[in-house]
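Report on the structure
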Amino acid sequence: MLVKIWQALLSGLSVGSVYALIAQGYYVTYITTGALNFGQGDFLMIGALFGVTCYVALGLPYAVAVVGAVVLLSMMGAALERIAIRTTLRHALSLSWVLSTVAVSIILRNAAVQIWGPEQIKFPSPFGDQVLHIGQAGIFPQELFIIFGSIGTVLLVQFFLKRAVLGKALTAVAYNRNAAAVMGINVQRMIVLAFVLSSALAGLGGVLIAPITFAWAYMGTVPGIKAFAAAIIGGLENPIGILIGGLAVGVLEQFFGIINSNLKEGITFLFVLLILAVRPTGLMGRKEIEKV
Amino acid sequence: MRLPVFAQTQPKDWFRFIVVAAIVLALPLVFRDPFFVLVLQSLTYLFIVALGLDILVGWTGQISLGHAGLYAIGAYTSALLSTRAGWPFWITAPIGVALTGVAGALLAVPSLRAKGPYLAMVTLAFGFMMEVTSNRWQGLTNGPMGISGIPAPTLPGGEEMTPTQYFWLIGVAALLCQLLANNLLGSRVGRTLLALRGSEIAAQSVGVNVYRWKLLAFVISSVYAGLGGVFFAHQNGFINSDTFVFALSVSFLTSVLMGGSGTLYGPLVGSVILNLIPTVFARLHEYHLYIYGGIILVTIIFLPDGIVGSLLKLPALRRWRKPPAQIEPQPGALAFAKPPSADQPVIETRDLTRDFGGIRALNRVSIAVRSGIVHGLIGPNGSGKSTLVNVLTGLYPPSSGEVLLQGKVLRRARPHQMAGLGVTRTFQSIRLFGELSVLDHVMVGYHLHLRAGIWQHLLQTRGAVEEEFAFRRKAMALLQFVGIAERAHEPARNLPYGQQRLLEIARALALQPRLLLLDEPAAGVNPTEIQRLTKIIQEIRNTGVTQVVIEHHMELIMGISDVVSVLDFGEKIAEGTTAEVQRNPKVIEAYLGTELEAAHA
């Protein structure tokens, strides 16, 4: 039993770190615009399938596939901002961007089926299929790479936002858009940057997990939504909360997977409902006091 | 002829209704193609779900990404009860609808306080949970293999309905659903929901129990979704888990937005158009997601008001609408105050302290407000005046100390409960109810005095209609009192700033309060309007209502106050008549001191 729990913890961390990676993208755009990409999962799917083309079909090195996916998704992020976000942010129904980003994701899924076909495509891991043993639990080298790659990237993003000049400008827009504009920061450009960053993270997530799942047009929905749940559990405005939330969701699922594989699929959603009933802004989110 | 129910419906309306019903019900007789009848059935029950969804989206401003889950509950309940227990449709259908209503109430619990993306997550998580349940709980739902042999409803003779008859059943239900929604949303219920959407805090200040009304909206919306699900289950005799997916929730939401949310007939137009698309483009199956996604994008970006909403904005159609009827003000709408009770203070605080994190906004403040007077409250910025009002109206609980209302200690009274006890307020930063008209703002103010409930409004009983009419006249009188009666039918947000402040006073007076707290009523108001405001405050005092007025405008406060209390850094530093306060050295220091410091800074 103990081995099973240890195994679930390891596997959970690997899946969870991908959730955390995607959810970090939600964080970046949410603090700058109050909106996020509901099609983030399908951006991840495009990243994975583009990785397939680079690594499997063209035989390019894995690193090239990773960089290629990140670059492609960055450009798609800028396009998404132009098409689905800038056009809807000022609407009366404050959540119009939910539907506009969902619409983009629906279109992407159709495109993916046309380009790559509807089948699941195998993406061999560049680190081989040799199972490593930590304690008595087995783990693929790719899974270890995912954990370190994702958490490392999350920390890197935080470093960028807190230390780099460009990152600080973005954070400033998040704190106070008007004050940032008065200080000479181009707010619109920062919003684009936020969506570029967010989409790049999804693309990276795609190339990271493709070797342990499969790559195909319908792979994105579930991780996208679960990453959203992770961000909500942690609190959308709290990057550390999101990291913990992502890992927690991954581990929680694997734990419940020990008991019952059906429970595994639903537990995250039950969990997020229970948390929001008690804490409407997530476990580590800021409690909102409306100023009157 | 005026019936006791549907009392407002004229013979002309009945005639129109019967014509529409006849046309809808004749459709399957004109187009006899069996496939066409099936499409008609689907369009109709999908419309019922969209209509219910719009009660949430259009009236409370809440988005739901999980309506497919509610639809599933209705469908599975009726399907399982009729196949496993063998119960007839006429019993399983109401149970399915009722159970969906219960699920909606449960779903409301985490939805009540969550906002924005958090709220989207609640409904999304619910939808996915139901998706997983229907897919994985095979013992109950048989997952993708589905449930077959679901019987069609039977006629009184015992034989099963034909598809055409089944369409008639769904069609009549849909017509009723639309009629009841029109009644409900055109009445007090719709008005209250719109008020919540505009400002929860302002709605609470006149006694609206926000949670209860949101819960109501969720339950009604769910009942509609459940009914749609039930009709779906009995259509083809087969359901499986492939139907109840996120994409279906998206399609419900799209049809509402495409038609125009908050327009009564938007869901009808939107769901008919959206659900006909797959039939029309059946040959382009390979591209159907492109088409579908493209339609959503175009709708959201270029038709933010939806089809019906955009049509209603056309000037030609605006002119065509009937001008609102003249309403004769009811004299005596202000004569509600009880005579001031001699010595007992209306409201009193004892050692009231309120902290925000490490900041002490109020420090052991003890104030007693005598009955029937105007009690001024002044102090430099940040001295705690607004915090005091927020504690007195129940918005913030005190950190320590107590609040007494007419000698009784209050235990954690929430704002709508304080309103119920006769304490209400206006707001420093004006809080209006979005699109509501000036008159409707005051009608919401009468919330606690309106007796007709949801059932009476649903059926538009004579009682409800007459009550509404009587209170309109009272509301008109209050508007006349503050001097904005001629703008009664305009959207309140079109009023100039000063008149919006006066409207807030009229809305608060509709509660018929014993204590009215005015939070900077003169801020941003021009000199002529300040004169009017002064007169209004004096007249309110003459009726016997106690007032607490926060103001920076010294001329106003010294002109109207019987007693003035002065706060500085969260503490009460002086209290007395206007003359006493003006001579008080501490007060002079507090004011001049800040100015000197400001001059140095």
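Residues numbered from 1 in each chain as written. Chains lettered and ligands numbered in written order. Predicted model: local features only at pLDDT ≥ 70, side-chain atom pairs only at ≥ 80, totals over all residues.

A word on the overall build of chain B
Looking only at helices and strands, one finds 25 helices and 12 strands in chain B. With respect to the principal axes defined by its C-alpha atoms, chain B has extents near 90 × 55 × 45 Å. The buried share among the 601 residues of chain B stands at 49%. Of the contacts made within chain B by residues no fewer than 6 positions apart, 75% connect residues no fewer than 24 positions apart. (Helix = DSSP H or I, 4+ residues; strand = E, 2+ residues; numbered from the N terminus. Buried ≥ 20, exposed ≤ 12 C-beta atoms within 10 Å, placed from the backbone. Contact = placed C-beta atoms within 7 Å.)

Brief notes about unusual backbone geometry
Residues and elements named next belong to chain B. For Leu-264, which is not glycine, the phi torsion reads 70° and is therefore positive. Within the secondary structure, Leu-264 sits in the loop between α11 (246-259) and α12 (266-280). According to the C-beta neighbour criterion, Leu-264 is partly exposed, with 19 such atoms within 10 Å. Although it is not a glycine, Phe-569 sits at a positive phi angle of roughly 50°. Among the secondary structure elements, Phe-569 is positioned in the loop between β11 (563-568) and β12 (571-576). Owing to 15 C-beta atoms within 10 Å, Phe-569 belongs among the partly exposed residues under this scheme.

Digging into helix α1 (residues 11-30) of chain B
Spanning 20 residues, α1(B) covers 28 Å between terminal C-alpha atoms, matching the ideal 28 Å at 1.5 Å per step. Among the 20 residues that make up α1(B), 1 are buried, leaving the element largely open to the surroundings. (Expected span 1.5 Å × (residues − 1).)

Brief notes about the domain arrangement of chain B
Size of an interface: often given as the accessible area lost when the parts come together. All names here are of chain B. Taken domain by domain, chain B comprises domain 1 (31-320), domain 2 (341-422 + 513-601) and domain 3 (432-512). Computed over C-alpha atoms, the centres of domain 2 and domain 3 are 27 Å apart. On the side of domain 3, 10 residues touch domain 2, which itself brings 11 residues to the contact. Of all the secondary structure elements, the ones that give two or more residues to the side of domain 2 that touches domain 3 are α17 (415-420) and α22 (527-543). Residue contributions to the side of domain 2 that touches domain 3 peak at 3 residues, all from α22. For the side of domain 2 that touches domain 3, the residue count by class is 6 nonpolar, 3 polar and 2 charged. (Domains from an automatic or database assignment. Nonpolar A, V, L, I, M, F, W, Y, C, P; charged D, E, K, R; others polar.)

A look at the nonpolar core
Core analysis: the biggest nonpolar cluster contains 267 residues, and A:Ala229, B:Met121, B:Ala125, B:Leu478 and B:Leu479 have the highest contact counts within it. The element that contributes the greatest number of residues to this core is helix α8 (residues 187-209) of chain A, accounting for 15 residues. If sequence neighbours within four positions are ignored, B:Leu478 has contacts with B:Ala333, B:Val442, B:Ala506, B:Leu509 and B:Ala510. (Core = buried A, V, L, I, M, F, W, Y, C linked by C-beta atoms within 7 Å.)

A short note on the sheet that holds strand β9 (residues 515-519) of chain B
Residue and element names in this part refer to chain B. Overall, mixed pairing links the 6 strands, which are arranged β8-β9-β10-β5-β11-β12 in an open sheet. What marks the edges here is a single partner per strand, and that holds for β8 (423-425) and β12. Pairwise comparison of adjacent strand axes, ignoring direction, gives a mean angle of 20° for this sheet. Pairing of strand β5 (residues 374-378) with strand β10 (residues 546-550) involves 4 bridges; the strand directions are parallel. Bridge pairing in β10 places Leu-377 opposite Ile-550. Contacting β5, β9 and β10, α22 runs over the sheet at an angle of about 155° to β10. (Pairing = 2+ DSSP bridges. Axes fitted to C-alpha atoms, helices over the stretch in contact; angles between N-to-C directions.)

Topic: the pairing of β11(B)
Residue and element names in this part refer to chain B. Across the 6 residues of β11, 6 count as buried, placing the element largely inside the fold. Going residue by residue along β11, you find Val-563, Ser-565 and Leu-567 tucked away on one face and Val-564, Val-566 and Asp-568 tucked away on the opposite face as well. Looking at chain direction, β5 and β11 are connected through 4 bridges and run parallel. Following the sheet pairing, His-375 is matched in β11 by Val-563. As paired strands, β11 and β12 are joined by 5 bridges and run antiparallel to one another. Bridging from a neighbouring strand, Val-564 pairs with Gly-576 of β12. Taking the residues that link successive antiparallel strands as the turn, the β11-β12 hairpin has 2 residues, and the phi of Phe-569 there is positive, at about 50°.

A word on the pairing of β9(B)
All names here are of chain B. Of all 5 residues that make up β9, 5 are buried, and the element is covered over most of its length. Burial of β9 is two-sided: the residues Leu-515, Leu-517 and Asp-519 facing one way and the residues Leu-516 and Leu-518 facing the other way are all buried. Of the strand pairs in this sheet, β8 and β9 are connected by 3 bridges, and their pairing is parallel. Bridging across to β9, Thr-424 finds its partner in Leu-516. Alignment of β9 against β10, held across 5 bridges, turns out to be parallel. The residue bridging Leu-516 from the neighbouring strand is Gln-547, located in β10. Taking the sense of rotation as the criterion, the β-α-β connection linking β9, α22 and β10 turns out right-handed. (Right-handed = clockwise from strand over helix to strand, strands pointing away.)

Things to note about the interface of chain B and chain A
Each partner contributes residues to the interface: chain B has 41 residues there, and chain A has 38 residues. Looking at the side of chain B that touches chain A, the element that brings in the most residues is helix α5 (residues 116-136) of chain B, giving 14 residues. Residue composition of the side of chain B that touches chain A, by class: 31 nonpolar, 8 polar and 2 charged.

Things to note about the sheet that holds strand β3 (residues 347-356) of chain B
Residue and element names in this part refer to chain B. Across the sheet, 4 strands lie side by side as β4-β3-β6-β7; this open sheet has antiparallel pairing. Looking at strand neighbours, the two that pair on one side only are β4 (359-369) and β7 (408-409), the edges of this open sheet. Note that β3 and strand β6 (residues 400-405) share 5 bridges and pair antiparallel. Paired with Thr-353 across the strands is Ser-400, a residue of β6.

Focus on helix α20 (residues 462-482) of chain B
Residues and elements named next belong to chain B. Here α20 is 21 residues long and its end C-alpha atoms lie 31 Å apart, about the 30 Å a rise of 1.5 Å per residue gives. Among the residues of α20, Ala-464, Val-465, Phe-471, Arg-472, Lys-474, Ala-475, Met-476, Ala-477, Leu-478, Leu-479, Phe-481 and Val-482 are the ones counted as buried. Its buried side turned inward, α20 meets α18 (438-445), α19 (454-459), α21 (497-510) and α22. Looking one or two places after α20, you find Gly-483, whose phi comes out positive at around 90°.

Section: the packing of helix α2 (residues 34-60) of chain B against α12(B)
When two helices pack together, you describe them by how their axes are tilted relative to each other and by the distance separating the axes. Residue and element names in this part refer to chain B. Relative to each other, α2 and α12 sit at 140°, their axes nearing to 8 Å. Taken as axis vectors, α2 and α12 run oblique relative to one another. The interaxial crossing formed by α2 with α12 has right-handed handedness. Counting all contacts with α2, which are made through Val-39, Ser-42, Leu-43, Leu-46, Phe-47, Ala-50, Leu-51 and Asp-54, the residues of α12 involved are Gly-266, Pro-267, Leu-268, Gly-270, Ser-271, Val-272, Asn-275 and Thr-279. (Parallel < 35°, antiparallel > 145°, perpendicular 65-115°, else oblique. Left-handed = near helix turned anticlockwise from the far one by under 90°.)

Some details on the confidence of the model for chain B
Summary statistics for chain B give a mean pLDDT of 90 and a share of 97% for residues scoring 70 or more. Low pLDDT, under 50, characterises residues 596-601 of chain B; the stretch is placed with 0 contacts to residues that sit more than four places away or in other chains. (pLDDT = per-residue confidence, 0-100.)

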